[in-house]
Amino acid sequence: MGTILGLGITHYPNLAARANMSWRMQKSIEDPALAERLRSPENWHPTMRSQWGSDRGQAHSDQHRQDLIAQFRRIRAELDAFNPDFVLVWGDDQYENFREDCVPAFSILAYDSVDFQPWKGYRRGPNAWDEPEGKTFTMKGHRAGGKYLASALLKEGIDVAYAYKPLHHPLGHAFANSLLYLDYDRKGFPYPVVPFAVNAYGRWLIAANGAPMSPSAGAQMPVGDNELDPPAPQPWRCFEVGGAVARALQRSPWRVAVIASSSWSHSFLVQKHSRMFPDVAADKRYYEALKKGDWDLWRNTTLEEVEDRGHHELLNWFCLAGAMHEVGHAGPDESVFLESWITNSDKVFAVYRPKAAAMTMAKSA
């Protein structure tokens, strides 16, 4: 009988760089296509104005960085205490491994192992660890676990793709950053990983070539359905896929940590905010529903609502939500909401301990 630990993290790229994490905000202010009313902080939400401050967000960036690092250390402690046989990570591929020749809605990457060099050609400046450009990391895979999951999902009528080796890119940043951050203190990451790719960007995957959109770039994007790409999988389908994964893992012989990796609403995807700041109000609604185990809100979300709110990458969390609903969680054992109007996105961390473990810890508290 398999045992499941559920975790929610972010793979926020700017955490890997030694830079002010609100740099995109400054570029938005300077962008000629930005809505005129948004150029003045007087017209911003008070929290957004406070975070920007008189230092262009540097103090908020510094605090946000420390908060993120602290949360990754907490998540790593949970992972080490659980000691999984392998880790499954739901993440999105942004025109990295999947391009014009193949874009699956879902794909299980059942690799034996893969080497990646995150700092090769890195353009964000010095990385947070001062590691050399040529440093190579190795992700140990778990082909047996990946094959088992692909087979189990196919038997349930979920037409998931699978791969034994990369196509265009060794490891997309959603997965690479997740591993780099879960080993922030560089003590090593011993757990095999099964990346589970979700086509979160859907209609903008090829059209934008995986690049974040500035106000000017967004204004140049095509808007007609015939000019954009086919859509992402429906949120309810991601929820179902997560449930099917949980059922399969419960029947397996393994201890598995399932991880949703993404920030929440992304500013550069929120057209109604001129691609300047995230939909914080929507993020808070979904976070409250997550804490309460209000799975109906998650399950009944439409793809149009996802796109309106910049929740594209939240599809990874819809998979986690479906898995945690399936195993009977009414809410996370621990969670935190890191509100940030000026660093592109809010971030959420969550822990769903195995049911027996959660009950034991509650009694000892």
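Higher on the page you've got the structure.
All figures in this text were calculated on a predicted structure; none of them were measured in a lab.

### Side note on the overall build of the protein
Point 1. Across its full length, the protein holds twelve helices and ten strands.
Point 2. Radius of gyration (C-alpha) of the protein: 20 Å, near the 21 Å computed for a compact globule of 365 residues.
Point 3. Overall size of the protein, expressed as C-alpha extent along the three principal axes, is 60 × 50 × 45 Å.
Point 4. Taken over 365 residues, the protein has a buried fraction of 58%.
Point 5. Excluding contacts between residues fewer than 6 apart, the proportion of contacts in the protein whose partners are at least 24 apart in sequence is 82%.
Point 6. Only carbon and sulfur atoms are counted for the fraction: they give 50% of the accessible area of the protein, which is about 15000 Å².
Point 7. Once the 40 positive and 43 negative side-chain charges of the protein are each reduced to a mean point, those two points are 4 Å apart.

### Focus on the packing of aromatic side chains
Each aromatic ring pair is described using two quantities: the centre-to-centre distance and the angle formed by the ring planes.
Point 1. For the coordinates displayed, the defined rule picks out 21 aromatic pairs.
Point 2. The interplanar angle of 55 degrees and the centroid separation of 5.0 Å between the aromatic rings of Trp-129 and Tyr-184 together place this pair among those described as tilted. Separated by 55 residues along the polypeptide, Trp-129 in the loop between strand S4 (113–116) and strand S5 (137–140) and Tyr-184 in the loop between helix H5 (173–182) and strand S7 (193–198) bring together distant segments of the chain. As far as the burial class goes, Trp-129 and Tyr-184 line up, both buried.
Point 3. Measuring from centroid to centroid gives 5.9 Å for Trp-264 and Trp-298, while their planes differ by 80 degrees, and the two rings are edge-to-face. One end of the pair, Trp-264, is in the loop between strand S8 (255–261) and helix H8 (280–292); the other, Trp-298, is in helix H9 (residues 295–299), and 34 residues separate them in sequence.
Point 4. Judged by relative accessible area, which is 0%, Trp-264 ranks as buried.
Point 5. Trp-298 gets classed as buried once you look at its relative accessible area, which sits at 0%.

### Some words on helix H4 (residues 143–155)
Point 1. Compared with the 18 Å implied by 1.5 Å per residue over 13 residues, the 18 Å span of H4 between its first and last C-alpha is a close match.
Point 2. Listing the buried residues of H4 in full gives Gly-145, Gly-146, Leu-149, Ala-150, Ala-152 and Leu-153. Buried residues in H4, looked at end-on, bunch into an arc of 165 degrees, giving them a common side.
Point 3. Buried-residue contacts for H4 involve strand S2 (86–92), strand S3 (106–109), strand S6 (161–163), S7 and helix H7 (235–250).
Point 4. Positive phi shows up at Gly-157, right after H4, with a value of about 85 degrees.

### Some details on the sheet that holds S8
Point 1. Strands sit in the order S6-S3-S7-S2-S8-S1-S10-S9 across an open sheet of eight strands; the sheet is mixed. Two strands bound the open sheet, and with one partner strand each, they are S6 and strand S9 (334–338). The average angle at which neighbouring strand axes cross in this sheet is 15 degrees, direction not considered.
Point 2. Note: S9 against strand S10 (residues 347–352), five bridges, orientation antiparallel. Bridging across to S10, Glu-334 finds its partner in Val-351.
Point 3. Lying over the sheet, helix H3 (residues 58–82) contacts strand S1 (3–9), S2, S8, S9 and S10, oriented at roughly 175 degrees with respect to S1.
Point 4. Seen against the sheet, helix H11 (residues 315–326) touches S1, S2, S7, S8 and S10 and runs at an angle of roughly 150 degrees to S1.

### A short note on unusual backbone geometry
Point 1. With a phi angle near 55 degrees, Asp-130 is a residue other than glycine that sits in the positive phi range.
Point 2. If you trace the backbone, Asp-130 turns up in the loop between S4 and S5.
Point 3. For Asp-130, a relative accessible area of 55% gives the class exposed.
Point 4. Phi at Arg-275 takes a positive value of approximately 60 degrees, unusual for a residue other than glycine.
Point 5. Residue Arg-275 is classed as buried on the basis of its relative accessible area, which comes to 8%.

### Notes on the packing of H4 against H7
Point 1. Running from N to C, H4 and H7 point in directions that differ by 120 degrees, and their axes come no closer than 10 Å. For the element pair H4 / H7, the angle class is oblique. H7 is crossed by H4, and the crossing has right-handed handedness. Seen from H4, the contacting residues are Tyr-148, Leu-149, Ala-152 and Leu-153; seen from H7, they are Val-241, Ala-244, Val-245, Ala-248 and Leu-249.
Point 2. Residue composition of the contact of H4 with H7, grouped by class: nine nonpolar, no polar and no charged.

### Considering the side chain of Asp-279
Point 1. Secondary-structure assignment places Asp-279 in the loop between S8 and H8.
Point 2. Its relative accessible area of 8% is what places Asp-279 among the buried residues.
Point 3. Polar side-chain contacts of Asp-279 include one of 3.1 Å to the backbone nitrogen of Ala-282.
Point 4. Excluding anything up to four places from it in sequence, Asp-279 contacts Ser-265, Val-270, Lys-272, His-273 and Arg-309.

The rules behind each value
- Residues numbered from 1 in each chain as written.
- Predicted model: local features only at pLDDT ≥ 70, side-chain atom pairs only at ≥ 80, totals over all residues.
- Heavy atoms only, no water.
- Helix = DSSP H or I, 4+ residues; strand = E, 2+ residues; numbered from the N terminus.
- Rg over C-alpha atoms; globule rule 2.2 N^0.38 Å.
- Buried < 20%, exposed > 50% of the residue type's maximum accessible area, 1.4 Å probe, protein only.
- Contact = heavy atoms within 4.5 Å.
- Areas by Shrake-Rupley, 256 points an atom, 1.4 Å probe, with all protein chains shown as cover.
- Lys, Arg positive; Asp, Glu negative; His and termini not counted.
- Charge placed at Lys NZ, Arg CZ, Asp CG, Glu CD.
- Phe/Tyr/Trp six-rings, centres within 6.5 Å; stacked < 30°, edge-to-face > 60°.
- Expected span 1.5 Å × (residues − 1).
- Arc of directions from axis to C-beta.
- Pairing = 2+ DSSP bridges.
- Axes fitted to C-alpha atoms, helices over the stretch in contact; angles between N-to-C directions.
- Parallel < 35°, antiparallel > 145°, perpendicular 65-115°, else oblique.
- Left-handed = near helix turned anticlockwise from the far one by under 90°.
- Nonpolar A, V, L, I, M, F, W, Y, C, P; charged D, E, K, R; others polar.
- Polar contact = N/O pair within 3.5 Å; in protein donor to acceptor, adjacent residues only side chain to side chain.

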